[in-house]
Amino acid sequence: MEASKETAVYTHGHHESVLRSHRWRTAANSAAYLVPELRPGLSVLDVGCGPGTITADLAELVAPGGRVTAVDASADVVAQARAYAAERGLDGVEFATADVHALDFPDDSFDVVHAHQVLQHVGDPVRALREMRRVCRPGGIVAARDADYAAMTWYPAEPGLDGWLDLYRRVARANGGEPDAGRRLAAWAREAGFTDVRCTATAWCYATAEEIAWWSGLWADRTTASSYADVATRGGHATPADLETAADAWRTWGSHPDAWFSVLNGEVLCRA
């Protein structure tokens, strides 16, 4: 499918440092608010599936008899998700490329439509939610979860990370997205026409030495080597030296023995 004009360019791209974090995600740590709604036999559309780790978990949760269709804007990432599902021996999972603003599925096609960390990156999140609602069967569920960058918090204080966060939010918005999407999900859902919207929030927390090394390392790499770096420099938001400074701040913070980081995520369960 061709991307609609409303689609923002994905700020992070699909560098290894980005997929490193995506592959960590599971239904347990990233979709627990949705899990109680799932049961065998349901049909699920997973929008923005990435490398497919959450997709695979969803497929197991609706088996036997259920089916999952997973879509992403990147054909390369869809291929990775397909390979991952095959490695786990999963049946009942289909993959395709798609634009969430214009999904190539008939009305009322799925019992559950799920999007994780997607709406912060699209050009028109309300239209995206309307599309998700369109392909969801009456009485079904549209579920979305997104981080809220302004609500990220860490210890100890590291001035360089304050600069990184300010830069990231500016770059993401200039690229057509909304980095503080978590707090806006309920409002977007209501604007999209949902009247039954259940709101929750949960957080990722990185506190062990292993978690801190992983989190700080991937963000240091992402800041200088992913598509984000290209967008930041081409857009005039930062110089390569600025990005190296931000990456160094991540490494400095990550080396602290008491380092701690939390990412707040907003969540909505919307009854179609």
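Because the structure is a prediction, the values reported are computed rather than measured.

Student: Could you clarify how one ought to interpret the environment of Thr26 in this entry?
Tutor: Position of Thr26 among the secondary structure elements: in the loop between helix H1 (16-22) and helix H2 (27-30). Counting along the chain gives 71 residues from Thr26 to Thr97, while the straight-line C-alpha distance between them is 21 Å. Once you skip the residues sitting within four places of it in the chain, Thr26 turns out to touch Ala31, Ile54 and Asp57. Separated by 3.3 Å, the side chain of Thr26 and the backbone nitrogen of Ala28 make a polar contact.

Student: What exactly am I supposed to notice about the side chain of Asp72 here?
Tutor: By the element assignment, Asp72 lies in strand E2 (residues 67-72). Put simply, Asp72 is tucked away with no salt bridge, and the nearest opposite charge, on Arg25, sits 8.9 Å away. A polar contact is formed between the side chain of Asp72 and the backbone nitrogen of Ser74, at a distance of 3.0 Å. The contact partners of Asp72, leaving out residues within four places of it in the chain, are His14, Gly48, Cys49, Gly50, Val77, Val78, Ala96, Thr97 and Ala98.

Student: So what exactly am I meant to see when it comes to the UniProt feature "domain: Methyltransferase" (unreviewed entry) in the protein chain here?
Tutor: Per the UniProt entry, the sites bearing "domain: Methyltransferase" (unreviewed entry) are residues 40-154 in this numbering. Summarising residues 40-154: 28% helix, 32% strand, and an end-to-end C-alpha distance of 39 Å.

Cut-offs applied
Residues numbered from 1 in each chain as written. Predicted model: local features only at pLDDT ≥ 70, side-chain atom pairs only at ≥ 80, totals over all residues. Heavy atoms only, no water. Helix = DSSP H or I, 4+ residues; strand = E, 2+ residues; numbered from the N terminus. Contact = heavy atoms within 4.5 Å. Polar contact = N/O pair within 3.5 Å; in protein donor to acceptor, adjacent residues only side chain to side chain. Buried < 20%, exposed > 50% of the residue type's maximum accessible area, 1.4 Å probe, protein only. Lys, Arg positive; Asp, Glu negative; His and termini not counted. Salt bridge = Lys/Arg side-chain N within 4 Å of Asp/Glu carboxyl O. UniProt positions renumbered as here; feature names shortened; annotations may be inferred.

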